[in-house]
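# Tertiary structure, described
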Amino acid sequence: MTEADMLFSVTVPGSTANLGPGFDSVGMALSRYLRLSVFPHDEWRFEAETEVVAEIPEGTDNLIYQVAKRTAAHFGKDLPPSLVKVWSDIPLARGLGSSAAAIAAAIELANELADLKLSDREKLHFASLEEGHPDNAGASLFGGLVIGLHEEDETEMVSMKDIDLDVVVVIPFYEVLTKDARDVLPESLSYPKAVEASAVSNMLVAGLMAKDWKLVGRMMQKDLFHQPYRRALVPELSKVEHEAGQNGAFGTALSGAGPTILSFIEKGKGEALREQLASKFPHCEVECLHVPDTGIIVERKSVNSV
């Protein structure tokens, strides 16, 4: 298959979620990407183009196919068999939204192949039904920062653009599976603790809306919903909090369920923080990312090239 044979491509940013107390509701796009290149074929086949996705299933047991099939079936449509080349630099099971990016891409794959004409709201709802929450998927679909609420019948979301920050991520080389990260959480919080946790989350959102990054940073580290319970799974967290804080970061938090740890810092200062953290955590990948305003992008073959 050559580029001339390609039907279309789908490019999706990765994401972070929670930002501390914004548990299962606050997400932010990050400049790591998943790209699908779709070609006509006589059967369904997925080909990995990067080491990150080298172990993905090659047939119809692939998550992307399964989600695309369910989406099309909801409208009584079938999907024509395709060859899908998968390129990604979003590491799996690291808290950078790899599964949400795959789900968002799969819904767009179904939308294109079955001509579903889905609205943005419908794409968000289908993705949130698959994920169980709207934060990562919403950020991948729309870019920027998103704040959402997912319910069985509908999904609400507010989107913000122009997030003028550098985001420095420390990525340990071990995985934390979402199931394991969920298993360490308590089944309930006392009423006073829930009120306090909710107030912290409300202040996080207020800081985000005002772009008061110092306030956001303080609230990120006051989280009561998940980080206190997950610290044991990610021993680097407290050390990165300290080092990043000493070097100008506004705040630090687990990215999603971890083990990736992210720090917010003033635009233009991220590379210096990256260098500092890389020297302190040589056993981790450390990178300075940005928050893309653009979410999912579909590039179709030009009519003139047919």
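Residues numbered from 1 in each chain as written. Predicted model: local features only at pLDDT ≥ 70, side-chain atom pairs only at ≥ 80, totals over all residues. Heavy atoms only, no water.

This paragraph deals with the overall build of the protein. A tally of regular secondary structure across the protein gives ten helices and eleven strands. The burial tally for the protein puts 53% of its 306 residues in the buried class. For the protein, the exposed surface amounts to about 13700 Å²; the carbon and sulfur share of it is 51%. (Helix = DSSP H or I, 4+ residues; strand = E, 2+ residues; numbered from the N terminus. Buried < 20%, exposed > 50% of the residue type's maximum accessible area, 1.4 Å probe, protein only. Areas by Shrake-Rupley, 256 points an atom, 1.4 Å probe, with all protein chains shown as cover.)

This part is about the UniProt feature "domain: GHMP kinase N-terminal" (unreviewed entry) in the protein. Per the UniProt record, the feature "domain: GHMP kinase N-terminal" (unreviewed entry) sits at residues 62-144. Within residues 62-144, the helical portion is 58% and the strand portion 8%, while the C-alpha atoms at the span's ends are 28 Å from each other. (UniProt positions renumbered as here; feature names shortened; annotations may be inferred.)

UniProt records the feature "binding site: ATP" (unreviewed entry) for Pro-91, Leu-92, Ala-93, Arg-94, Gly-95, Leu-96, Gly-97, Ser-98, Ser-99, Ala-100 and Ala-101 in the present numbering. In this structure, Ser-98 sits in helix α2 (residues 98-113). Given the relative accessible area of 19%, Ser-98 is considered buried. Beyond its immediate stretch of four places on either side in the chain, Ser-98 contacts Ile-90, Pro-91, Leu-92 and Ala-93. Tracing the backbone shows Ser-99 in helix α2. Among all residues touching Ser-99, those that are not within four sequence positions of it are Leu-63 and Glu-131. (Contact = heavy atoms within 4.5 Å.)

Next up on the list: the pairing of strand β8 (residues 251-254). Examined bridge by bridge, β8 and strand β9 (residues 261-266) share four bridges and lie antiparallel to one another. Looking at the pairing, Thr-252 lines up with Ser-263 of β9. The hairpin formed by β8 and β9 contains six residues between the paired strands, and Gly-256 there has a positive phi angle of roughly 60 degrees. (Pairing = 2+ DSSP bridges.)

As a further point, take the packing of aromatic side chains. Scanning all chains against the criterion turns up four aromatic pairs. On the basis of an interplanar angle of 20 degrees and a centroid distance of 5.9 Å, the ring pair of Trp-44 and Phe-46 is categorised as stacked. The class of Phe-46 is buried, set by a relative accessible area of 1%. An aromatic cluster of at least three residues, connected via ring pairs, comprises Trp-44, Phe-46 and Tyr-65. (Phe/Tyr/Trp six-rings, centres within 6.5 Å; stacked < 30°, edge-to-face > 60°.)

Turning next to the sheet that holds strand β7 (residues 165-171). In a beta sheet, neighbouring strands are held together by backbone hydrogen bonds and run either parallel or antiparallel to one another. The antiparallel open sheet is built from four strands, whose spatial order is β8-β9-β7-β10. Here the strands that pair on one side only, and so sit at the sheet edges, are β8 and β10 (285-289). With strand direction ignored, the average angle separating the axes of adjacent strands in the sheet is 20 degrees. Its contacts with the sheet place helix α9 (residues 236-246) against β7, β8 and β9, and it is angled at close to 165 degrees to β8. (Axes fitted to C-alpha atoms, helices over the stretch in contact; angles between N-to-C directions.)

Now for helix α3 (residues 120-131). The terminal C-alpha atoms of α3 lie 16 Å apart, and with twelve residues this matches the ideal 16 Å at 1.5 Å per residue to within 8%. Here α3 has its buried residues at Lys-123, Leu-124, His-125, Phe-126, Ala-127, Ser-128 and Glu-131. Note on α3: the residue one or two positions beyond its end, Gly-132, has a positive phi of about 95 degrees. (Expected span 1.5 Å × (residues − 1).)

For the structure on display, the rule yields 17 salt bridges. Where Arg-231 meets Glu-241, a salt bridge forms, and the shortest distance between an N and an O atom there is 2.9 Å. With Arg-231 in the loop between α8 (227-230) and α9 and Glu-241 in helix α9, the pair connects residues that are ten residues apart, well separated along the chain. According to the relative accessible area criterion, Arg-231 is partly exposed, its value standing at 32%. Looking at Glu-241, the relative accessible area reads 12%, which means it is buried. Among the charged side chains, a network of salt bridges with common partners joins Arg-32, Glu-285 and Glu-287. (Salt bridge = Lys/Arg side-chain N within 4 Å of Asp/Glu carboxyl O.)

A word on the nonpolar core. By size, the foremost hydrophobic cluster in this structure holds 66 residues, and its most contacted members are Leu-19, Leu-36 and Phe-264. For this core, the leading source of residues is α2, giving eleven residues. Aside from chain neighbours lying at most four places away, what touches Leu-19 is Val-26, Met-28, Leu-145, Leu-204, Leu-208, Met-220, Ala-253 and Phe-264. Counting 18 residues, the second largest nonpolar core, distinct from the first, contains Val-234, Val-240, Ala-244 and Leu-254. (Core = buried A, V, L, I, M, F, W, Y, C linked by side-chain atoms within 4.5 Å.)

Here the focus is the packing of α3 against helix α4 (residues 135-142). Packing of α3 against α4 brings their axes to within 9 Å, and their N-to-C directions diverge by 145 degrees. Crossing of α3 against α4: the hand is right-handed. In this structure, α3 uses Asp-120, Lys-123, Leu-124, Ala-127 and Glu-131 to contact α4, whose residues at the interface are Asn-136, Ala-137, Gly-138, Leu-141 and Phe-142. For the contact of α3 with α4, the residue count by class is five nonpolar, two polar and three charged. (Left-handed = near helix turned anticlockwise from the far one by under 90°. Nonpolar A, V, L, I, M, F, W, Y, C, P; charged D, E, K, R; others polar.)

A few words on α9. Within α9, the full set of buried residues consists of Glu-236, Leu-237, Val-240, Glu-241, Glu-243 and Ala-244. Looking at the buried positions of α9, the neighbouring elements they touch are β7, β8, β9 and α10 (270-280).

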